[in-house]
Every structure is written in C-alpha cells, then in structure tokens.
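So the chains spell out like this:
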Amino acid sequence: MGVEMKTIRILIDHSIDALKRKDALALRRVSADALSEAAIEGHRELILLALVDYALSKILSKTHYSNLSGDFFTTVEQHFRDARAGEKDDTIMHLEQIEDMVIKLDKEKGNYEANLIEKAKIKKASKLYEQGFSLRRASEMTGADPVEVLSYIGTSKIHEFRGHGKNAERLRIAREVFK
Amino acid sequence: MKRIICDSSSLISLSMNCMLPLITELSQNVDFIITQCVYDEIITNPRRGHHHPMGPLKFKALVDNGVLKIGRADKRKTEDILNLSNSIYYLRHKPLTIIQRGEAEALALAEKGEPLLMDERTLRLLMENPHDLKTLLQYRLHKGVSMNDQRAAMFQKYADGVPVIRSSELLAVAYEKGILEKYFSGEKHELLHACLWALKLRGCSLSSEDIEEYMQMVD
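In this text, all values refer to a predicted model and were calculated from it rather than measured experimentally.

Peer 1: What's the story with the environment of Y183 of chain B in this structure? I'm lost.
Peer 2: Residues and elements named next belong to chain B. Within the element layout of this structure, Y183 appears in helix 11 (residues 180–183). For Y183, a relative accessible area of 39% puts it in the partly exposed group. For the pair Y183 and L22, spaced 161 residues apart in sequence, the C-alpha separation works out to 8.7 Å. In this structure, Y183 is in contact with P21, L22 and E25, ignoring residues within four places of it in sequence. Separated by 2.6 Å, the side chains of Y183 and E25 make a polar contact.

Peer 1: What is the right way to read helix 7 (residues 135–142) of chain A from this model?
Peer 2: Residues and elements named next belong to chain A. For helix 7, the tally of buried residues reaches seven of eight residues, placing the bulk of the element in the interior. Among the residues making up helix 7, those that are buried are L135, R136, R137, A138, S139, M141 and T142. G143 occupies a position one or two residues after helix 7 and carries a positive phi of about 80 degrees.

Peer 1: Please explain the sheet that holds strand 3 (residues 68–71) of chain B as it appears in this structure.
Peer 2: Note on sheets: strands pair through backbone hydrogen bonds, and any given pair is parallel or antiparallel. Reading across the sheet, the five strands line up as 3-2-1-6-8 (chain B) and stay open at both edges, with parallel pairing between neighbours. Lying at the two open borders of the sheet, with one neighbouring strand each, are strand 3 and strand 8 (164–165) of chain B.

Peer 1: Where do I start with the interface of chain B and chain A in this structure?
Peer 2: Put simply, an interface is often sized by how much accessible area is lost when its parts join up. Across the contact, 66 residues belong to chain B and 45 residues belong to chain A. Around 5,000 Å² of area is buried between chain B and chain A when both sides are counted, 53% of it from carbon and sulfur atoms. The largest contributions to the chain B side of the interface with chain A come from Q100, R121 and R140 of chain B, which together make up 14% of the buried area. Applying the counting criterion to the chain B and chain A interface returns ten salt bridges. Between R136 of chain A and E41 of chain B there is a salt bridge whose closest N-O contact spans 2.3 Å.

Peer 1: I'm lost on the layout of surface pockets in this one. Help?
Peer 2: Looking at the largest pocket, its volume works out to about 470 Å³. In terms of lining, the largest pocket is formed by 21 residues, of which the most central are A144, D145 and P146 of chain A together with E41 and N45 of chain B. Those elements that place two or more of their residues in the lining of the largest pocket are helix 7 and helix 8 (146–154) of chain A together with helix 1 (8–16) of chain B. Taken together, the residues of the lining of the largest pocket break down into six nonpolar, eight polar and seven charged.

Peer 1: In this structure, what is going on with the nonpolar core? I would like to understand it.
Peer 2: Side chains of a nonpolar character, in soluble globular proteins, are inclined to be buried together. L56, I59, F72 and F80 of chain A together with Y89, L116 and F155 of chain B are the most contacted members of the largest nonpolar core, which totals 137 residues. Counting residues per element, this core draws most heavily on helix 3 (residues 44–61) of chain A, at eleven residues. Counting contributing residues per domain, this core is built from domain 1 (2–72 + 166–217) and domain 2 (75–164) of chain B, each supplying no fewer than three. Sequence-distant contacts of I59 of chain A, that is, excluding residues within four places in its chain, are made with Y65, L68, F72, F73, V102, L105 and L116 of chain A.

Peer 1: Looking at this structure, I do not really get the packing of aromatic side chains. What am I missing?
Peer 2: Describing an aromatic ring pair means giving the distance of the ring centres and the angle of the ring planes. What the rule picks out here adds up to two aromatic pairs over all chains. Seen from their ring centres, F72 of chain A and F73 of chain A are 5.3 Å apart, and the 85 degrees between their planes marks the pair as edge-to-face. On the basis of relative accessible area, F72 of chain A is assigned to the buried category, the value being 10%. Seen from the ring of F73 of chain A, K22 of chain A lies directly overhead, with NZ or CZ sitting 4.7 Å from the centre. The ring centre of Y129 of chain A lies 4.8 Å from the NZ or CZ of R121 of chain B, which sits over that ring.

Peer 1: Sorry if this is basic, but what is going on with the domain arrangement of chain B here?
Peer 2: All names here are of chain B. According to the domain assignment, chain B consists of domain 1 (2–72 + 166–217) and domain 2 (75–164). The centre of domain 1, based on its C-alpha atoms, is set 23 Å off from the matching centre of domain 2. Both sides together, the interface formed by domain 1 and domain 2 hides about 1,600 Å², and carbon and sulfur atoms give 58% of it. If you sort the residues of domain 1 by the area they bury against domain 2, R3, I5 and R166 come out on top, with a joint share of 37%. A salt bridge links E114 to R3; the nearest nitrogen and oxygen atoms lie 2.8 Å apart. On the surface where domain 1 and domain 2 come into contact, there are 16 residue pairs in polar contact (both at pLDDT 80 or more). Put simply, the parts of the chain that give the side of domain 1 that touches domain 2 at least two residues each are strand 1 (2–6), helix 1, strand 2 (30–35), helix 3 (36–44) and helix 10 (167–176). Per-element accounting of the side of domain 1 that touches domain 2 gives the leading share, four residues, to strand 1.

Peer 1: Looking at this structure, I do not really get the pairing of strand 2 of chain B. What am I missing?
Peer 2: Looking along a regular strand, one sees the side chains alternate between the two faces of the sheet. Residues and elements named next belong to chain B. Burial runs high along strand 2: six of the six residues are buried. Side chains V30, F32 and I34 of strand 2 all project onto a buried face; the interleaved residues D31, I33 and T35 project onto the opposite face, where all are buried too. Bridge count for strand 1 against strand 2 is four bridges, and the pairing is parallel. Its bridge partner being in strand 2, I4 is matched across the sheet by F32. Bridging between strand 2 and strand 3 involves four bridges; their strand directions are parallel. Looking at the pairing, I33 lines up with K69 of strand 3.

Peer 1: In this structure, what is going on with helix 4 (residues 70–85) of chain A? I would like to understand it.
Peer 2: Given 3.6 residues to a turn, an α-helix orients residues that are three or four positions apart in the same direction. All names here are of chain A. With 16 residues, helix 4 should cover 22 Å at 1.5 Å per step; its first-to-last C-alpha distance of 23 Å lies within 8% of that length. Listed in full, the buried residues belonging to helix 4 are F72, F73, V76, E77, H79, F80 and A83. On an axial view of helix 4, the arc spanned by its buried residues comes to 160 degrees, and they lie on one face. When the buried face of helix 4 is taken as reference, the exposed residues oriented beyond 90 degrees from it are D71, T74 and A85.

How each quantity is defined
Residues numbered from 1 in each chain as written. Chains lettered and ligands numbered in written order. Predicted model: local features only at pLDDT ≥ 70, side-chain atom pairs only at ≥ 80, totals over all residues. Heavy atoms only, no water. Helix = DSSP H or I, 4+ residues; strand = E, 2+ residues; numbered from the N terminus. Buried < 20%, exposed > 50% of the residue type's maximum accessible area, 1.4 Å probe, protein only. Contact = heavy atoms within 4.5 Å. Polar contact = N/O pair within 3.5 Å; in protein donor to acceptor, adjacent residues only side chain to side chain. Pairing = 2+ DSSP bridges. Buried area = accessible area lost by both parts, 1.4 Å probe. Salt bridge = Lys/Arg side-chain N within 4 Å of Asp/Glu carboxyl O. 1 Å grid on protein atoms, 1.4 Å probe; cavity = no way out; pocket = protein on both sides within 12 Å on 5 of 7 lines; lining within 4 Å. Points joined across faces, edges and corners; volume = space filled by probe spheres on them. Nonpolar A, V, L, I, M, F, W, Y, C, P; charged D, E, K, R; others polar. Core = buried A, V, L, I, M, F, W, Y, C linked by side-chain atoms within 4.5 Å. Domains from an automatic or database assignment. Phe/Tyr/Trp six-rings, centres within 6.5 Å; stacked < 30°, edge-to-face > 60°. Lys NZ or Arg CZ within 6 Å of the ring centre and 35° of its normal. Expected span 1.5 Å × (residues − 1). Arc of directions from axis to C-beta.

Structure, rendered in structure tokens:
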C-alpha cells in the first residue's frame, strides 16, 4: 500500500468517527488535515475528502439541516467505508458520490445560490492561497472559481504578508510606464 | 508602444470594482497585453458558469475594442519558467507545485523592462524575494520547507528586469492623472482611499499598512 493511500485511509477513518459522533469541529479538523496533505501530494482524493468533510461539518452545524433523516448520514458513512476499502479510483468515485449527495441536499434545502460544495471549494482554495500557493494553483486544485476566491481572500487579513515592501518602487515604475 | 502584461487577478479586481474604464483610458499610450491563458480565464471559462455573467462580457468588449491585446508567449520559455518555479521549494523531499501555466506564460511573455500587472501574491513574491515566499510557506504549512537556491537563481534570470505592479499602482497613476474623477465622484483623498480599499477587498494583495503608505506617496 502506498504511503498516500495509507494516509487517506487514516483520514477517512477519522471522518467516519467524527460523523458518527456528529462532531462538526472534528470533521473540520480532518478537512484541514486532508488539505494540508493535498498541498504536498496533490492527489484528487485528498482534495475531495477536504471538500466533503468541510461541507458535512456545515450540514451538522446549520439549523436548517437539523431535521435531516438518519438515512443521509448512514449512506454517507457507507460511501466513506467503501472509499476506504477501495483503491484510488474507487476512493475517488465514492467521495464524489458523497459530493453529489451534498449538492443534491443543498439544492433541496439550501438557502443560497452557491451550494455547500462550491463554498467548500472557495474556502479551501483560500486556505491554499494563504499557505503560499498561487491563486491559479489554489483554484485549479480545488475547482474553485478564482473570482469567488479573490473576493473571499480580500475580506480576510490572514492573507496579508508585507514581506519586504517595494511599494514606492512599484509606484515609480508605474508612473514611468504611463508618463 | 510600451507594453504591460496583465494577469487575470488584476483584471478581475478592477472589473469587480467597475474600474475597467481606467484601463481604457490608460491604454491610449500603453498596450495592455494578455496571454491566451488569461483570455480563457476571464472570458472563455466564466461564460460556462453562471455566477459572474457580466465579467466575461466586459472583458470581451475590451478585447474587441483593442484595449486588451492578446500576445503569444514562447512555449519553451513558459515550460522552463514553470518547471523551475515548481522545483524551488521542497517539503518532505517533494517539490511543491506553487504556480500554474498561466503565471508562467505571463512572465514568459514579458520582455525586460516590461511590467507584469499582477494582484496575486505568489509569483510576485517568487520574483521579488523567494526567501520571503519560503518563509510564508513554512509559516503557513507549519512544516519545514527547503529551498533549492540553484534553481531559484536560474528562475531569477527570467524574473530579472521584469517588475511587478498591482492594480493599486494603476489606480494611483489614474488618480494622479485625474482619470479617477471622471468615473467616481468624491473628495480626492476620500476617493483614493475608497478605491484602494475596494481593490483590497476584491483580492488585491494590499495590506491596510500598504494603503496608508499609498495615501502618503500619491500626489
């Protein structure tokens, strides 16, 4: 078993555990861990896991999903187990099934135009950008819309990194170009 | 005619703040060039989605009117830049892929002395101070990141002589030329401050300290 699949299976185990306990915070932690691994390894299954765990954490914490039937979570848990048991392609397929379930649920019960998975993509892309990956890289890895990511990161202070300021030089160059 | 190579990040920031007319005005004496990759990002791809339907229409008009011109980057140079950029930083002995083809293409298209208009932070840091980017990666990933100085030096040969400016600098120049007042009404100081904050809130990598610095520097 490759190191990557072992890591994914451990993360899926944590996801199942968090889901059974209906622990939204734990799911967000697993999502963050999956993204952290994805930043290094770049595997699609890690990104998918980060997205679905984040979206599931939101479902658990939002009041308008509070009367959701147990079947939803039972089916999600089964997909997690199947994802864990399979090889790479099966893992991706089952995580994508969870993704589809979330999108369908959000279409029926969600309050916003952007569904939970789209919001998860923006959030995770923003995190990757914060970590130092380019906007394009972050958006492509997660499938997020770069316009949405830019809008999101613009409102956050955590992306600010002044480094060695060159503002005066930049302004001088701009003046020179447009004189 | 002088040229400025535009990344989609700056164009999007300007578009989201209804500031694209500034480009039209400033394009009287300078060519604003985009790569095919940027064209796809701001026009082709968003047209398939439904969240920001106006953006691609505005950009297409700029292309059709000759305000934004499409340039072709050398493929080999693009590949070199891409490969070098994505083999400078390492984590767990694996290279970190930090930029995509679009960024590499923009840099490949820029000749010495031609600025890159780019609001996103990563390529700018890589070009201006790769050690700062290493610090950022290390700090945010909470893991040890190593840097291949030799490859960083090889990359720097492409970056040398290509300055990076942001939409904020474009805005400052437009302000100094009196262009801003043609499109937005307000007391001068208030106008500049509001516009800088608007760019920041739409993703231009400006800190609040940067904004205060600009307020002091601009005439």
